[in-house]
Structure formats: structure tokens, C-alpha cells
Amino acid sequence: MAEETIFSKIIRREIPAEIVFQDELVTAFRDITPKAPTHVLIIPNHHIATVNDVKASDELALGRMMTVAAKIAQEEGIAEDGYRLIMNCNEHGGQEVFHIHMHLVGGKPLGPMLSSRK
């Protein structure tokens with residue numbers, strides 16, 4: 001059995017989340033601690049722990065994550081001004097939930113992506 005995460009429970013609607021999109025491949029829901037006016041997480045419905053665990057058979061779900069991101073950005077009214085898509089991998093990358101997910105953030109100027117610290 002695949003590893004159980006909080007995201008698995010959101011996909012199955014066992015815990016509350018503001019789901020903005022769901023189909024057979026992906027689920028998208030609002031982040032509970034948003035970093036921008038629009039902050040949505042887009043996840044594959046099947047468990048993939050990290051980007052390092054992605055297989056060729058996951059390409060359809062990962063592609064769907066991108067098209068869903070563009071659809072949500074349009075619906076949220078942030079597509080024209082711009083937005084950021086972020087995926088973190090493992091501890092140094094800032095990954096907190098080990099079920100891959102893409103952050104869609106926008107709705108305000110986001111500034112530089114990384115600080116210049118070494």
C-alpha cells in the first residue's frame with residue numbers, strides 16, 4: 001500500500017479542504033497558510049513521495065498538474081499579471097509533505113525567487 005499522507009486524506013475528502021479542482025489524475029486545493037492572495041496546491045491523486053521518485057508512467061499526471069495550474073490561474077484572474085509554480089524536493093528543498101505537490105502562488109508581485117545568501 002502507498003504511504004498515507006494528509007494529502008491522501010484530502011484527495012479522498014476525509015478531511016476538509018477547499019478543493020478548487022479534482023479529476024481522476026489530480027486534485028487542487030487552497031493552502032491553509034497562504035503566502036499570497038492565491039495559493040493553491042496541485043497534487044497527483046496517486047502517491048509519489050518526491051520528485052526523485054517520478055517515473056515515466058507518471059508523466060500524464062504531471063502534465064495534468066501543469067494544465068490545471070494554467071486553468072486555475074486563469075480562473076483566479078492572475079494569469080495575465082503572472083504567477084509562480086514551485087515544487088520542493090526533500091529536506092534542503094523545503095519539502096514538508098512527502099507527496100509531491102506544486103504550489104501555484106500569485107495575486108501580488110512576488111519579488112525575487114531566492115535571496116542572494118550563500
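So, here is what we can say about the structure in this document. (Residues numbered from 1 in each chain as written. Predicted model: local features only at pLDDT ≥ 70, side-chain atom pairs only at ≥ 80, totals over all residues. Heavy atoms only, no water.)

1. A short note on the pattern of salt bridges
Per the counting criterion, the structure on display carries 7 salt bridges. E4 is the salt-bridge partner of R12, the closest N and O atoms lying 2.5 Å from each other. Of the residues examined, R12 reaches a relative accessible area of 42% and is grouped as partly exposed. Taking the shortest distance from any N to any O, the salt bridge between E75 and K71 comes out at 2.3 Å. Taken together, the residues E75 and K71, both in helix α2 (residues 59-76) and 4 residues apart, mark about one turn of the helix. Linked through salt bridges whose partners overlap, the residues forming this network are E4, R12 and E14. (Salt bridge = Lys/Arg side-chain N within 4 Å of Asp/Glu carboxyl O. Buried < 20%, exposed > 50% of the residue type's maximum accessible area, 1.4 Å probe, protein only. Helix = DSSP H or I, 4+ residues; strand = E, 2+ residues; numbered from the N terminus.)

2. Some details on the packing of aromatic side chains
The full count for this structure, using the stated rule, is 1 aromatic pair. When the ring of F7 is compared with that of F29, the centres are 5.5 Å apart and the planes differ by 70°; the resulting orientation is edge-to-face. Highlighted residues: F7 in helix α1 (residues 6-11) and F29 in strand β2 (residues 26-30), separated in sequence by 22 residues. (Phe/Tyr/Trp six-rings, centres within 6.5 Å; stacked < 30°, edge-to-face > 60°.)

3. Here we look at the environment of A61
Locating A61 in the fold gives a position in helix α2. On a C-alpha basis, the gap between A61 and G94 in space is 22 Å, while along the polypeptide they are 33 residues apart. Those residues in contact with A61, other than ones at most four positions away along the chain, are L25, V26, P44 and H46. (Contact = heavy atoms within 4.5 Å.)

4. Remarks on the nonpolar core
Among the nonpolar cores identified, the biggest contains 14 residues, and A28, I42, V68, I72 and L104 are the most heavily contacted of them. Within the residue set of this core, elements represented by two or more residues are β2, β3 (38-44), α2 and β5 (102-106). Of all the elements, α2 adds the most residues to this core, at 5 residues. Contact partners of A28, with chain neighbours within four places excluded, come to E18, I19, V20, F21, V40, L41, I42, V68 and I72. (Core = buried A, V, L, I, M, F, W, Y, C linked by side-chain atoms within 4.5 Å.)

5. Brief notes about the sheet that holds strand β1 (residues 19-22)
Spatial strand order, β1-β2-β3-β5-β4: 5 strands in an open sheet with antiparallel pairing. Bordering the open sheet on either side are β1 and β4 (83-86), each of which pairs with just one other strand. Along the sheet, successive strands turn relative to each other by an average axial angle of 15°, direction set aside. Sheet topology places β2 next to β3; 5 bridges connect them, and they run antiparallel. Within the sheet, the bridge partner assigned to F29 lies in β3 and is L41. Those strands touched by α2 are β1, β2, β3, β4 and β5, and its axis lies near 160° from that of β3. (Pairing = 2+ DSSP bridges. Axes fitted to C-alpha atoms, helices over the stretch in contact; angles between N-to-C directions.)

6. Some words on the side chain of S8
Residue position: S8 is located in helix α1. Discounting chain neighbours no more than four positions away, the residues touching S8 are E3 and H99.

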